[in-house]
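Spelled out from the first residue to the last, the chains are:
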Amino acid sequence: EKDYLVKARRLGSLYGPLATLTGVSVGHFLAALNSSWTSPIVSLCNRIIDHVPSEVKSLVIRLFGTKDKLFLIASILILFFLISIFVGRLYMIGKTRMAYAVIALMSIAAGGAALLDARSDLLSLTPALFSGTVSIYALRWLGQQSEVRDDSDVVLSRRDLLKTIGIIGAVSIA
């Protein structure tokens, strides 16, 4: 059973970021279609940066100078990446509802942040909702492409893995 969990976690560490990147890419694409909508990641970054305590902002400015905003955005993206790894691992060890709940919470946070944007309306939730939905479906699809078994290795060839990454990459770029 221990080998099974190790293999599942490894796959989850790959699948979570791939699935959430796909979802965020769709949300970013949708936001580009309407000038009053904001990408889920951009909305979250803006709200977090707006609410960072002034002491922390002063420290970051002292340490990074004019690159302070870049540092804060990079920190937020690293946190997003770590959460997406957690989501993938949850999903692959069989805690699918918990993985979906984390994605839903991330989407709700992004939607709430989008509603706080100056030009927002109720339809501004669209990119965040699509991001969450696409992330869940991408995670499910990735999970169906491979199978972790107790008695054998992961049933996913390198070729299949590269095809999967290529497909998700193409969808993300489009």
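See above for the structure.
One structure accompanies this document, and this report is about it. Small disclaimer: the values here were computed from a predicted structure and weren't measured.

Tracing the backbone shows serine 135 in helix α6 (residues 126–145). Residue serine 135 is classed as buried on the basis of its relative accessible area, which comes to 4%. If we ignore the near neighbours within four places in the chain, the residues touching serine 135 are Ala19, Thr20, Gly23, Val24 and Ile103.

With that out of the way, let us pick up a nonpolar patch on the surface. A surface patch of nonpolar side chains, about 360 Å² in accessible area, is lined by Leu59, Leu63, Phe64 and Phe71. Here the element with the most residues in the nonpolar patch is helix α3 (residues 54–64); it accounts for three residues. Relative to the assigned elements, leucine 59 resides in helix α3. Classification of leucine 59 by relative accessible area gives partly exposed; the value is 40%.

One pass over the structure, following the stated rule, counts two salt bridges. Aspartate 50 serves as the salt-bridge partner of arginine 47, at 3.2 Å between the closest nitrogen and oxygen. Placement of both arginine 47 and aspartate 50 in helix α2 (residues 40–50) is noted, with a separation of three residues, approximately one turn of the helix. Judged by relative accessible area, aspartate 50 falls into the partly exposed class, the value being 47%. With its nearest N and O atoms 2.4 Å apart, the salt bridge here joins arginine 47 to aspartate 117.

Within the fold, glycine 27 resides in helix α1 (residues 2–33). For glycine 27, a relative accessible area of 0% translates into the label buried. Separated by 103 residues in sequence, glycine 27 and phenylalanine 130 place their C-alpha atoms 5.9 Å apart. If sequence neighbours within four positions are ignored, glycine 27 has contacts with Pro40, Pro127 and Ser131.

With that settled, the discussion passes to the side chain of serine 124. Here serine 124 shows up in the loop between α5 (96–115) and α6. Assessed through its relative accessible area of 2%, serine 124 is described here as buried.

Right, let's talk about the packing of aromatic side chains for a bit. We describe a pair of aromatic rings using the distance from one ring centre to the other and the angle between the two ring planes. Applying the stated rule across the entire model yields two aromatic pairs. Ring centres of phenylalanine 64 and phenylalanine 71 lie 4.2 Å apart, and the angle between their planes is 15°; this geometry places the pair in the stacked category. Residue class for phenylalanine 71 comes out partly exposed when judged on its relative accessible area of 32%. With a centroid separation of 6.0 Å and 40° between ring planes, the pair formed by tyrosine 91 and tyrosine 100 is classed as tilted. By relative accessible area, which is 13% here, tyrosine 91 ends up buried.

The rules we used
Residues numbered from 1 in each chain as written. Predicted model: local features only at pLDDT ≥ 70, side-chain atom pairs only at ≥ 80, totals over all residues. Heavy atoms only, no water. Helix = DSSP H or I, 4+ residues; strand = E, 2+ residues; numbered from the N terminus. Buried < 20%, exposed > 50% of the residue type's maximum accessible area, 1.4 Å probe, protein only. Contact = heavy atoms within 4.5 Å. Patch = residues over 30% accessible without salt bridge, like charges linked within 9 Å, V, L, I, M, F, W, Y side chains within 5 Å. Areas by Shrake-Rupley, 256 points an atom, 1.4 Å probe, with all protein chains shown as cover. Salt bridge = Lys/Arg side-chain N within 4 Å of Asp/Glu carboxyl O. Phe/Tyr/Trp six-rings, centres within 6.5 Å; stacked < 30°, edge-to-face > 60°.

Nothing here speaks to function; it is geometry throughout.
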